[in-house]
Amino acid sequence: MSRRFRGESHHKVDTKGRVSIPASFRRVIEAADPNWTSGDAPELVIVYGDHRRSYLECYTMEAINEVDDKIDALPRGSIERKMLQRLFHGQSFPTSVDETGRLVLPAKLRQKIGLDKEAFFIAAGDTFQIWQPETYEAEEAAKTDAWLDELPEDFDPLVFLDGQQGE
């Protein structure tokens, strides 16, 4: 298992769709690209998915290879394999980080999530997500707040890691 993405940040998006990737994210992308060597452009895959997805999910090469292996293990011809191939192979965009640490997001991807002048990056373990900031606040931050509000004031979410489910 390689390093994990950690943290969140806001970055400007220029008119050509170029956006800087957080420096710590770039180190993870490099470490998880088996073909990367210093001076090269590390590769990643952006999965934009179906109409229900309002963000871009960025996979390192290691992470997308793991997903691909799991898809390949499904029975050929099964509806699950066909749908996952469509979502992860068809509705994705292979790309690389340019020499200045930026991604170039095509207009189709920016339009899909309503990305204009600013992008919100948030770590998700072995992937990271790119959101339109207001959409993130309205959808994901609100879900987290609602979940936390249902728990007792002194509750420690770390108990979920021990399998005790809040006992």
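Residue indices follow the written sequence of each chain, beginning from 1 at its first position. Local features in this predicted model are restricted to residues of pLDDT 70 or higher, and side-chain atom pairs are both shown and tallied only at a pLDDT of 80 or more, whereas totals for entire chains, interfaces and linings draw on every residue. To get the side-chain values, all heavy atoms of the structure are used, and hydrogens and water are removed first.

A. Inspection of the overall build of the chain at higher detail. Helix and strand definitions follow DSSP, with helices as H or I runs of at least four residues and strands as E runs of at least two, each counted in order from the N terminus. Scanning the chain for helices and strands turns up 5 helices and 8 strands. The order of helices and strands in the chain, counted from the N terminus, is β-β-α-β-β-α-α-β-β-α-β-β-α. Considered along the principal axes of its C-alpha atoms, the chain spans approximately 50 × 45 × 35 Å. Of all 167 residues assigned to the chain, the portion counted as buried reaches 40%. Any residue under 20% of the maximum accessible area for its type is buried, any over 50% is exposed, and the rest in between are partly exposed; the area is computed with a 1.4 Å probe on protein chains only.

B. Expanded view of the side chain of arginine 110. Within the fold, arginine 110 resides in helix H4 (residues 107-113). By the counting rule applied here, Lys and Arg register as positive and Asp and Glu as negative, while His and the ends of each chain are not counted. Counted as salt bridges are all cases of a side-chain nitrogen of Lys or Arg within 4 Å of a carboxyl oxygen of Asp or Glu. Aspartate 14 is the oppositely charged side chain nearest to the buried, salt-bridge-free arginine 110, at an N-O distance of 6.8 Å. Reaching out from arginine 110, the side chain makes a polar contact with the backbone oxygen of leucine 105 at a distance of 2.3 Å. Arginine 110 has contacts with Val13, Thr15, Lys16, Gly17, Leu105 and Leu115, leaving out every residue within four places of it along the chain. Contacts described as polar in this section are N or O atom pairs within 3.5 Å, which, within protein, must combine one atom able to donate a hydrogen with one able to accept it, while residues neighboring in sequence count only if both atoms come from side chains. When checking whether two residues touch, look at their non-hydrogen atoms; a contact exists if any pair is within 4.5 Å.

C. Structural detail: the environment of glutamate 43. Counting through the fold element by element, glutamate 43 comes out in strand S3 (residues 43-47). A sequence separation of 53 residues divides glutamate 43 from serine 96, and the C-alpha atoms of the two residues are 4.1 Å apart. Leave out the neighbours within four places in its chain, and glutamate 43 touches Ile29, Asp33, Met61, Thr95 and Ser96.

D. Fine view of the nonpolar core. We define the nonpolar core as a collection of buried residues of types Ala, Val, Leu, Ile, Met, Phe, Trp, Tyr and Cys that are connected through side-chain atoms lying within 4.5 Å of one another. Counting 22 residues, the largest nonpolar core has Leu44, Ile46, Leu56, Leu103, Leu105, Phe128 and Ile130 as its most contacted members. Among the secondary structure elements, those contributing two or more residues to this core are helix H1 (23-31), S3, strand S4 (56-60), H4, strand S7 (118-124) and strand S8 (127-131). With 3 residues, H1 is the largest single contributor of residues to this core. If near-sequence neighbours (up to four positions away) are discounted, leucine 105 is found in contact with Lys16, Gly17, Val19, Ile46, Leu56, Arg110, Leu115 and Ile130. Counting 9 residues, the second largest nonpolar core, distinct from the first, contains Val47, Tyr59, Ile64 and Val67.

E. A look at a negative patch on the surface. Residues Glu8, Glu134, Glu137, Asp145, Asp149, Glu150, Glu153 and Asp154 make up a contiguous surface patch of negative charge. For the negative patch, the element with the most residues is helix H5 (residues 133-149), which contributes 4 residues. Within the element layout of this structure, glutamate 137 appears in helix H5. The patches reported here contain residues having more than 30% relative accessible area and no salt bridge. Joining distances are 9 Å for like charges and 5 Å for nonpolar side chains (Val, Leu, Ile, Met, Phe, Trp, Tyr). Values of accessible area rely on a 1.4 Å probe in the Shrake-Rupley scheme; residue burial ignores everything except the protein chains shown. For the purpose of locating charges, the reference atoms are NZ of Lys, CZ of Arg, CG of Asp and CD of Glu.

F. Broad picture of the layout of surface pockets. A volume near 190 Å³ is recorded for the largest pocket. For the largest pocket, the full set of lining residues is Tyr136, Glu140 and Thr144. Only protein atoms enter the 1 Å grid used here, on which a cavity is any set of points holding a 1.4 Å probe that cannot leave and a pocket is any open set flanked by protein within 12 Å on both sides along at least five of seven lines; residues with an atom within 4 Å of a point are listed as lining. Grid points are joined across faces, edges and corners, and a volume is the space filled by probe spheres set on the points. In this structure, the second largest pocket occupies an estimated 160 Å³ of space. Around the second largest pocket, the lining comprises 13 residues; the ones closest to its centre are Glu30, Asp40, Pro42, Asp98 and Glu99. In the lining of the second largest pocket, the residues fall into 4 nonpolar, 3 polar and 6 charged. Charged means Asp, Glu, Lys or Arg here, nonpolar means Ala, Val, Leu, Ile, Met, Phe, Trp, Tyr, Cys or Pro, and polar covers whatever is left, Gly included.

G. Local environment of the packing of helix H2 (residues 61-72) against helix H3 (residues 79-90). Their axes nearest at 10 Å, the elements H2 and H3 cross at an angle of 160°. Judged on the interaxial angle alone, H3 and H2 are roughly antiparallel. In this structure, the crossing between H2 and H3 has a hand that is left-handed. Counting all contacts with H2, which are made through Ile64, Val67, Asp68, Ile71 and Asp72, the residues of H3 involved are Arg81, Leu84, Gln85, Phe88 and His89. Convention adopted: a line fitted to C-alpha atoms gives each axis, helices being fitted over their contacting stretch, and angles between N-to-C directions are expressed from 0 to 180 degrees. Roughly parallel means an angle under 35 degrees; roughly antiparallel, over 145; roughly perpendicular, 65 to 115; everything else is oblique. Crossing handedness is read from the near helix: turned anticlockwise from the far helix by less than a right angle, it gives a left-handed crossing, and turned clockwise, a right-handed one.

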